[in-house]
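As a plain string of letters, each chain reads:
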Amino acid sequence: MTNKRTLKKAIKQICETLFVECFAACSAANKSQLENIDALFFSIIKLQANYTSRISHPEPGIPAKQYFKDLREKFTAQASEIIDQINNLH
């Protein structure tokens, strides 16, 4: 298991990359897609804030290894959904 600081940095870097990709899609999008893009920006920011705070405050009663494994899996799933939404904008 990596330490909390490394995990937070990885989440921040992934979210920054998603934000840049969404911004690139925004520059090539038409006016009708701007609401979808705004929702994507908001979901990326929310994703980062949610998972960063969950790292700092793990749920009691769950073994740390299991908790962080589940956290990584859920983050990966949500990030993949956002990637699919960005790809659908092109």
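Keep in mind the model is a prediction, meaning the values are calculated, not measured. (Residues numbered from 1 in each chain as written. Predicted model: local features only at pLDDT ≥ 70, side-chain atom pairs only at ≥ 80, totals over all residues. Heavy atoms only, no water.)

Another aspect to go through is the overall build of the protein chain. For the protein chain, the count of helices and strands is 3 helices and 0 strands. For the protein chain, the succession of helices and strands along the chain, N to C, is α-α-α. The principal-axis extents of the C-alpha atoms in the protein chain amount to approximately 50 × 20 × 15 Å. Summarising the internal contacts of the protein chain: among those between residues at least 6 apart in sequence, 73% fall at separations of at least 24. As presented, the protein chain carries roughly 6300 Å² of accessible surface, and 56% of it is formed by carbon and sulfur atoms. Side chains of the protein chain give 12 positive and 9 negative charges; the mean places of these two sets differ by 12 Å. (Helix = DSSP H or I, 4+ residues; strand = E, 2+ residues; numbered from the N terminus. Contact = heavy atoms within 4.5 Å. Areas by Shrake-Rupley, 256 points an atom, 1.4 Å probe, with all protein chains shown as cover. Lys, Arg positive; Asp, Glu negative; His and termini not counted. Charge placed at Lys NZ, Arg CZ, Asp CG, Glu CD.)

Glancing now at helix α2 (residues 34-56). An ideal rise of 1.5 Å per residue puts 33 Å on 23 residues; α2 measures up with 34 Å between its terminal C-alpha atoms. All buried positions along α2 are accounted for by Ile 37, Leu 40, Phe 41, Ile 44, Leu 47, Tyr 51, Arg 54 and Ile 55. Elements that come into contact with the buried residues of α2 comprise α1 (4-28) and α3 (64-89). (Expected span 1.5 Å × (residues − 1). Buried < 20%, exposed > 50% of the residue type's maximum accessible area, 1.4 Å probe, protein only.)

As for its placement among the helices and strands, Phe 23 is situated in helix α1. Overall, Phe 23 belongs to the exposed group, its relative accessible area being 56%. Taking the C-alpha atoms as reference, Phe 23 lies 8.3 Å from Ile 37; in sequence the two are 14 residues apart.

Pairing is possible between side chains of opposite charge, provided their charged atoms come close. Applying the stated rule across the entire model yields 2 salt bridges. Among the ionic pairs, Lys 12 bridges to Glu 16, the shortest N-O distance being 3.4 Å. Of the two residues, Lys 12 and Glu 16 are both situated in helix α1; the distance of 4 residues between them amounts to about one turn of the helix. A relative accessible area of 43% places Lys 12 in the partly exposed class. A relative accessible area of 41% places Glu 16 in the partly exposed class. A salt bridge links Lys 74 to Asp 70, with the nearest nitrogen and oxygen atoms 3.2 Å apart. (Salt bridge = Lys/Arg side-chain N within 4 Å of Asp/Glu carboxyl O.)

To continue, consider the packing of α1 against α2. Close contact between α1 and α2 brings their axes to 10 Å; oriented N to C, the two are set at 180 degrees. As judged from the angle between their axes, α1 and α2 are roughly antiparallel. Contacts between α1 and α2 pair Lys 4, Leu 7, Lys 8, Ile 11, Lys 12, Cys 15, Leu 18, Phe 19, Cys 22, Phe 23, Ala 25 and Cys 26 from the former with Leu 34, Ile 37, Leu 40, Phe 41, Ile 44, Ile 45, Leu 47, Gln 48, Tyr 51, Thr 52, Ile 55 and Ser 56 from the latter. Broken down by class, the residue content of the contact of α1 with α2 amounts to 18 nonpolar, 3 polar and 3 charged. (Axes fitted to C-alpha atoms, helices over the stretch in contact; angles between N-to-C directions. Parallel < 35°, antiparallel > 145°, perpendicular 65-115°, else oblique. Nonpolar A, V, L, I, M, F, W, Y, C, P; charged D, E, K, R; others polar.)

Everything listed is a geometric property; what it means functionally is a separate question.
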